[in-house]
Amino acid sequence: MLKLKSLTLKSNVIQSPMAGCTDLAYRILSRRYGMEFAFLEMVSAEALVRGHAGTHELMKTSPEDRPLGAQIVGCRPEAMGEAAAIVEGMGYDLLDINFGCPVPKVAGQGAGSALLAQPEKAEQIFRSVVKAVKRIPVTVKMRLGVADGSGREAARIARIAQDCGLDAITVHGRTRVQGYSGQADYEAIARVREAVSIPLIGNGDVLCGEDAERLRRTAGVDGVMIGRGGLGNPWIFKQIERSLSGDRSPVQEPDLATKKRVLLEHLELELAHREERTVIAHMRRIACWYFKNLPGVAQFRGRINVCQSAVELRHLIESFDGQGPTGTEDVAAAA
Ligand SMILES: Cc1cc2nc3c(=O)[nH]c(=O)nc-3n(C[C@H](O)[C@H](O)[C@H](O)COP(=O)(O)O)c2cc1C
């Protein structure tokens, strides 16, 4: 169980926000196979305040898509407060503040992971957001630091967050400079655990129950956040929950027929929520998530890249036999 102010989750395994990945179809599908809580991808606070149409498209949801958190990114305290109030008014269950995004377009403007080095600005943002939000929990998701991987920078920001009244903290065990390279450092996340008493969620490289157990044991986290491990693998949430509850029975990996069935289900959900043209482009990545590491996936990718219709896409998926030449697909690259 994970209790975050007014929000009580039965599961302490949650889905991270992932731009271009955790869309409505992805979330509905993952919920069917065991995910309880998810995030929208991050949205710009400034764009939200301006009422930018593309931002509203990114925030599309449905009644079955609950409980659901939204995440805002930005660096102007006033805009962050205004955006937070808009998010609460739209009916989401939790508001997260992005202190982790490393991409130059975001961090270069002083937002996302750049805020880890600016404690005063961080405090202004936290105060502005907490003041603007009336009911739902407010959380922050951060990296370990800009370049210092010890966890000291994150611990300092975490203490400020706690003093400002935030309800939980998520730490991804890498620095901004690291991007997605190297391994997430759970010992450095433990530094943040020592610094605060509010709920702490650990994140980074959790791909199986053992990873989640190691994260919990090393860093004393209350919850585990899954990012890339959920792509093409909606079963991961239940598997990890089972493992964290002490169940040591062997994990039943889905066979190819099951993966194909669920991928086709994912395709139908995408088609229900977007235009066919957009779905085809998006499915080029999604389909490869499901077949990652299977022989023939590189050939499959080649075929899917020139596919022009949903009918053709269905046929390609149905006829994939996992028998072609061996080649691996990197989910981070494919994401
Ligand atoms: C394609 C992609 C998009 C992401 N988008 C976001 C985002 O919008 N907000 C955020 O806080 N983190 C984002 N992240 C970071 C993930 O949420 C997560 O912290 C990171 O991938 C580490 O967890 P993992 O090893 O389980 O994937 C993104 C990561 C990837 C690979």
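Rules of the game
- Residues numbered from 1 in each chain as written.
- Predicted model: local features only at pLDDT ≥ 70, side-chain atom pairs only at ≥ 80, totals over all residues.
- Heavy atoms only, no water.
- 1 Å grid on protein atoms, 1.4 Å probe; cavity = no way out; pocket = protein on both sides within 12 Å on 5 of 7 lines; lining within 4 Å.
- Points joined across faces, edges and corners; volume = space filled by probe spheres on them.
- Helix = DSSP H or I, 4+ residues; strand = E, 2+ residues; numbered from the N terminus.
- Nonpolar A, V, L, I, M, F, W, Y, C, P; charged D, E, K, R; others polar.
- Buried < 20%, exposed > 50% of the residue type's maximum accessible area, 1.4 Å probe, protein only.
- Pairing = 2+ DSSP bridges.
- Near = heavy atom within 4 Å.
- Polar contact = N/O pair within 3.5 Å; in protein donor to acceptor, adjacent residues only side chain to side chain.
- Areas by Shrake-Rupley, 256 points an atom, 1.4 Å probe, with all protein chains shown as cover.
- Domains from an automatic or database assignment.
- Contact = heavy atoms within 4.5 Å.
- Buried area = accessible area lost by both parts, 1.4 Å probe.
- Salt bridge = Lys/Arg side-chain N within 4 Å of Asp/Glu carboxyl O.
- Core = buried A, V, L, I, M, F, W, Y, C linked by side-chain atoms within 4.5 Å.

1. Details of the layout of surface pockets
And then number 1: Of the pockets and cavities examined, the second largest pocket occupies roughly 440 Å³.
And then number 2: The wall of the second largest pocket is formed by 20 residues, among which V43, S44, V73, K105 and V106 lie closest to the centre.
And then number 3: Looking at the lining of the second largest pocket, the elements that each hand over two or more residues are β5 (43-44), α2 (45-50), α3 (53-58) and α5 (104-107).
And then number 4: When residues in the lining of the second largest pocket are grouped by element, the largest group, three residues, is from α3.
And then number 5: Classifying every residue of the lining of the second largest pocket gives 10 nonpolar, six polar and four charged.

2. Overview of the pairing of strand β11 (residues 223-226)
And then number 1: Where burial is concerned, the two faces of β11 agree: the one with G223 and M225 and the one with V224 and I226 are both buried.
And then number 2: Both strand β3 (residues 13-15) and β11 contribute to a ladder of three bridges, which runs parallel. Bridged to V13 within β11 is V224.
And then number 3: Note that strand β10 (residues 200-203) and β11 share three bridges and pair parallel.

3. Details of the site of the ligand
And then number 1: Surrounding the ligand, one finds 16 residues, the nearest of these being A19, K141, N203, D205 and R228.
And then number 2: Take N98: an N or O atom from its side chain is 3.5 Å from an oxygen atom of the ligand.
And then number 3: When isolated, the ligand has an accessible area of 610 Å², and the protein chains bury 90% of it.
And then number 4: Residues of the shell around the ligand, tallied by class, amount to six nonpolar, seven polar and three charged.

4. Some points on the domain arrangement of the protein
And then number 1: Domains assigned within the protein are domain 1 (2-244) and domain 2 (256-334).
And then number 2: For domain 1 versus domain 2, the distance between C-alpha centres works out to 28 Å.
And then number 3: With 16 residues of domain 1 at the interface, the matching set in domain 2 holds 16 residues.
And then number 4: Carbon and sulfur atoms supply 64% of the area buried between domain 1 and domain 2, which totals about 1500 Å² over both sides.
And then number 5: Summed over the three residues of domain 1 that lose the most area to domain 2, namely A25, L29 and W235, the buried surface amounts to 28% of that side.
And then number 6: Counting across the interface, domain 1 meets domain 2 through two salt bridges.

5. Looking at the nonpolar core
And then number 1: With 63 residues, the main nonpolar core has I72, I97, F99, F126, M142 and I169 as its most contacted residues.
And then number 2: Those residues in contact with I169 that sit more than four places away from it in its chain are V140, M142, A158, A161, V196, I198, P199, L200 and I201.
And then number 3: With 32 residues, the next largest nonpolar core counts L231, L263, M283 and V297 among its residues.

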